[in-house]
Amino acid sequence: MREKIRRKACKLLLLGRIPYTEAWQLQQEIAAARRCGSGKDTLLLVEHMPVYTMGRSGSKSNIKVSDEVLLTEGLEVIEVDRGGDVTYHGPGQLVGYPILDLRGYKQDLHRYSEMLEEVIIRTLDQYGIKGFRENGLTGVWTDSGKIAAIGIGARGWVTMHGFALNVNPDMNYFGLINPCGITNRPVVSMQALGVDVTLDEVSKKMVEQFADIFGVEFSLIKRDCLHAGPGSRYGG
């Protein structure tokens, strides 16, 4: 009899549409618990209200409009502790925040980033979209442009931040910035490539591919259980 491969336990939080700052705070809580050994590996899948985030290597010159225009449009720019430059998050974009202790995944940030890319590439393949890597450019690309951004951070080998896949967002928001600091390559969505699908459906495919590539077994945690546990919103 073939021996069953033992998978690592990982929690799955499907949070729906929430503000970026709420998700960021939750990431920090879970990551702190993970570093202290009281938490578990966790994947958060979310959708955000329109917002721009700026990574550690970001430049405000990659925001092409004035602060007044951003204010008029109700768009906030939040500086965060991930790699990369400015990017956009908003409705129609599937955002994933894996909070993993990389000591269980060979302690290699470059390999980890490639694993995230592979999750997205295989997910796109389920819809007949050929995604691929570009040398020197993090993320997932198609012949029509960049379809997914990746920006990660880690402290004590515990990861934060993650990836954003354009399913069917309003692409006009990308026109106000140089996404990830890139000025000569377009950004594209699954919808623009002829795939009309919901975020819920894509998230199910994404979870399957993530479990396979990272060798984890998910346990779904309901949103209303986040307040469980003494002293924290997140029960370890």
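The following paragraphs examine the structure supplied in this document. This is a predicted model, so every value here is computed, not measured. (Residues numbered from 1 in each chain as written. Predicted model: local features only at pLDDT ≥ 70, side-chain atom pairs only at ≥ 80, totals over all residues. Heavy atoms only, no water.)

1. Looking at the side chain of Asn166
Phase 1: Relative to the helices and strands, Asn166 is located in strand 10 (residues 158–166).
Phase 2: For Asn166, a relative accessible area of 3% translates into the label buried.
Phase 3: A polar contact of 3.2 Å, which involves the side chain of Asn166, links it to the backbone oxygen of Val188.
Phase 4: The contacts of Asn166, once residues within four sequence positions are left out, are Gly92, Gln93, Lys146, Ile147, Met171, Phe174, Val187, Val188, Ser189 and Met190. (Helix = DSSP H or I, 4+ residues; strand = E, 2+ residues; numbered from the N terminus. Buried < 20%, exposed > 50% of the residue type's maximum accessible area, 1.4 Å probe, protein only. Polar contact = N/O pair within 3.5 Å; in protein donor to acceptor, adjacent residues only side chain to side chain. Contact = heavy atoms within 4.5 Å.)

2. A closer look at the sheet that holds strand 9 (residues 145–155)
Phase 1: Across the sheet, which stays open at both edges, the 8 strands sit in the order 7-8-9-10-6-2-1-11 with mixed pairing between neighbours. Looking at which strands have only one partner, the edges of the open sheet turn out to be strand 7 (132–134) and strand 11 (216–221). Direction aside, the axes of adjacent strands within the sheet are offset by 25° on average.
Phase 2: Examined bridge by bridge, strand 6 (residues 93–99) and strand 10 share 4 bridges and lie antiparallel to one another. (Pairing = 2+ DSSP bridges. Axes fitted to C-alpha atoms, helices over the stretch in contact; angles between N-to-C directions.)

3. Topic: the pattern of salt bridges
Phase 1: Counted by the stated rule, this structure contains 9 salt bridges.
Phase 2: Of the charged contacts in the structure, one is a salt bridge between Arg103 and Asp101, with a shortest N-O distance of 2.9 Å.
Phase 3: Salt bridges sharing partners connect three or more residues here, namely Arg7, Glu117, Glu118, Arg122, Arg133 and Asp212. (Salt bridge = Lys/Arg side-chain N within 4 Å of Asp/Glu carboxyl O.)

4. A short note on the side chain of Glu117
Phase 1: With respect to the helices and strands, Glu117 occurs in helix 3 (residues 109–125).
Phase 2: Owing to a relative accessible area of 5%, Glu117 belongs among the buried residues under this scheme.
Phase 3: A distance of 3.1 Å separates a polar side-chain atom of Glu117 from the backbone nitrogen of Gly139.
Phase 4: Once residues within four sequence positions are removed from consideration, Glu117 is found in contact with Arg133, Thr138, Gly139, Val140 and Ile150.

5. Details of the pairing of strand 2 (residues 42–48)
Phase 1: Burial of strand 2 is extensive: 7 of the 7 residues sit out of reach of the surface.
Phase 2: Alternating residues of strand 2 divide into Thr42, Leu44, Val46 and His48 and Leu43, Leu45 and Glu47, and every residue in both groups is buried.
Phase 3: Pairing geometry for strand 1 (residues 8–18) and strand 2, over 7 bridges, is parallel. Residue pairing across strands places Gly16 opposite Val46, the latter belonging to strand 2.
Phase 4: Where strand 2 meets strand 6, 5 bridges bridge the pair, whose relative direction is antiparallel. Following the sheet pairing, Leu43 is matched in strand 6 by Pro98.

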